[in-house]
Structure formats: structure tokens, C-alpha cells
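One letter stands for each residue in the lines below.
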Amino acid sequence: MFAPPHPSTLLSRPGPLPALEPLRGRTVVVKFGGHAMTDGPLLRSFAEDVVRLRRTGVRAVVVHGGGPQISAQLDRLGVPARFLGGQRVTTPETLDVVRMVLAGKVQRELVRLLNEHGPYAVGLTGEDAHTLTVVRRYAEVGGELLDIGLVGDVTEVNTAALDVLLDHGHVPVVSPLGRGTDGEVYNVNADAAAGALAAALGAEALVVLTDVPGVYADWPRRERVLDRLTATELELVLPSLGGGMVPKMESCLRAVRAGVRTARVLDGRVPHALLRALTGAPGEAGAGTAVLQG
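Being a predicted model, the structure only gives us computed values, none of them experimental.

What counts, and at which threshold
Residues numbered from 1 in each chain as written. Predicted model: local features only at pLDDT ≥ 70, side-chain atom pairs only at ≥ 80, totals over all residues. Heavy atoms only, no water. Salt bridge = Lys/Arg side-chain N within 4 Å of Asp/Glu carboxyl O. Helix = DSSP H or I, 4+ residues; strand = E, 2+ residues; numbered from the N terminus. Buried < 20%, exposed > 50% of the residue type's maximum accessible area, 1.4 Å probe, protein only. Arc of directions from axis to C-beta. Contact = heavy atoms within 4.5 Å.

Visitor: Is there a simple way to think about the pattern of salt bridges in this case?
Guide: Side chains that differ in sign of charge can pair as their charged atoms come close. Taken as a whole and assessed by the stated rule, the structure comprises 14 salt bridges. Between Arg24 and Glu21 there is a salt bridge; the shortest N-O distance is 2.9 Å. Glu116 is the salt-bridge partner of Arg44, the closest N and O atoms lying 2.8 Å from each other. With a gap of 72 residues between them, Arg44 in helix H2 (residues 40-55) and Glu116 in the loop between helix H4 (92-115) and strand E5 (121-125) connect regions that are remote in the sequence. By relative accessible area, Glu116 is classed as partly exposed at 44%. Three or more residues joined by partner-sharing salt bridges are found here, namely Arg44, Glu109, Arg112 and Glu116.

Written out as C-alpha cells, the structure is:
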């Protein structure tokens, strides 16, 4: 069986990557989050991976999170943070900070790093061109629905702006904010936004970079990571997953059920994790958990 070159070897070669040729002209949606977003070398590693996708002809879309950065900025401003059912309560004052951090800081840093390699990245939010339309989300605690403020679930995706950018060779970098059917702006879970975009764009793959190696086979034990799951198998194990993994795996499930060929969750703390996900074989160290149709 053909063993693809290790990503570090691939990166030493200029130009397009032969191992990515099957993805040329295809769309790949990448959710970037976790510790790697605050680690300078890992940020640069990620930017290099995205640029390699672009130079190979892959239509890459990046969706980023920013929870730790938002929390840090709220602390600096003395704005109290409140959570219900594991979800941030987003008041209008909190939303102002969320928008400032996501679109004004995190997104700009990613765009800057990508554009060190060429005129590639363009930043936008789900508000722009009504890319993400949402409805208000509620948290369920003890069987009761609780209001968590300006937090939204994606109900509709308008890909028009993304299509134009991708057709012109750009890499859209999307902040997870959306416009409500009531005209308000809402904070959106980045995993959910990535899954919705992958489904609407008819992506070939969704890659979710996080702080764990994948789905553990016997959670909460961490001895073994599942290398693959079908969508049907994922539906069965979802209720047993830890809270932080649920939105990530729900995002993967939504994407695969909508026709995305593969969704993969893996550890973004590994250098060049994105190339690892797209060029590595299932079960290879660092390749994470793949969710497949079926």
C-alpha cells in the first residue's frame, strides 16, 4: 500500500503537493481552534498547511474559534462571564467583546499569517452577505430550556460570497457570527458553523482541529483512539461522549449526512496536523478519527 510522505518532508518541497492532487478543485473546510490558536509556532504551522492547500489548487475555507481569547478579554474589561449548561451566556455587552475579539483580533492574525505567503486570505464573518442565518439557541438544563442570550443555531447558509472568493483563488477566513431572523447578531459555535458551511458548500472534507487526538474508544479512558466511525456508529456513541466533544462530533455528523465525504477530528497541537489529516492513512499516528458516510 502507498504510504504518503510525512508532512514535514512535504513542506520542504516547494510548490504543489502531489499527495494532495486528488483534492485539486475540491473544497475543504477547516475548523481551527484549541491551544494551537495561542501558540506562535503552531499558528505558523497551520498557516503553512493552508497555503500548501491553496497552492495545490484546493479550495480551502477556514473557520476559527476564539473562546480562550474572548474569556481573557472579558476578564481584562471586568465583564463577568456566566455559563449555563456549559454554554456562555451572551449578553449584548458580551457580544460586543465577542465580535471585537473574533473579527478584530483572531481573524486578523490568521489573515496576516496566511498573507505572508501571498495575496490569499480574506476575512469575513457569518454576518457578511447573510452567510450564516441563525435562530436563537437555548440551553437545556434538567429538562428545562434556559435563555443564554445572543447565541444562535445555523438554519441557513448563503454561500454566494464564499463562492466568489474561492473562484478567484482566495482563502476565506470566517468568524463564527451570524445574523438572526430577527435582525440581531448572534454568537455561533465555531464547530457548528464549520459543519454547516461544509454541508452547504458540498465540501469534500471537513477537518476539525482541537486539543484531543480524536474520539476515545472507551471514554473516559484515554488509552485508544478510534481511527474511523460511520455516521450511523457516531449517532450511537454521541450520548456517551464528553461535553466538549459533542459539538465537534455533531458538526461532523451534520456534514457527512449532507454529503461531505469525510469529516475528521484530530489534535491541532501536532505540527502540520492539517496536512497529516489530508495526506495520512486512517489509523496512522496523529491522523485522528475519521467520520465516514454510512
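Visitor: Is there a simple way to think about helix H5 (residues 160-167) in this case?
Guide: Think of an α-helix as turning once every 3.6 residues; residues three or four places apart then point the same way. Among the residues of H5, those classed as buried are Leu162, Leu165 and Leu166. For H5, the buried positions fall inside an angular range of 95° around the axis, keeping them on one side. Against strand E2 (59-64), E5, strand E8 (171-175) and helix H6 (190-201) lie the buried residues of H5. Just beyond H5, the residue with positive phi is Gly169, at close to 80°.

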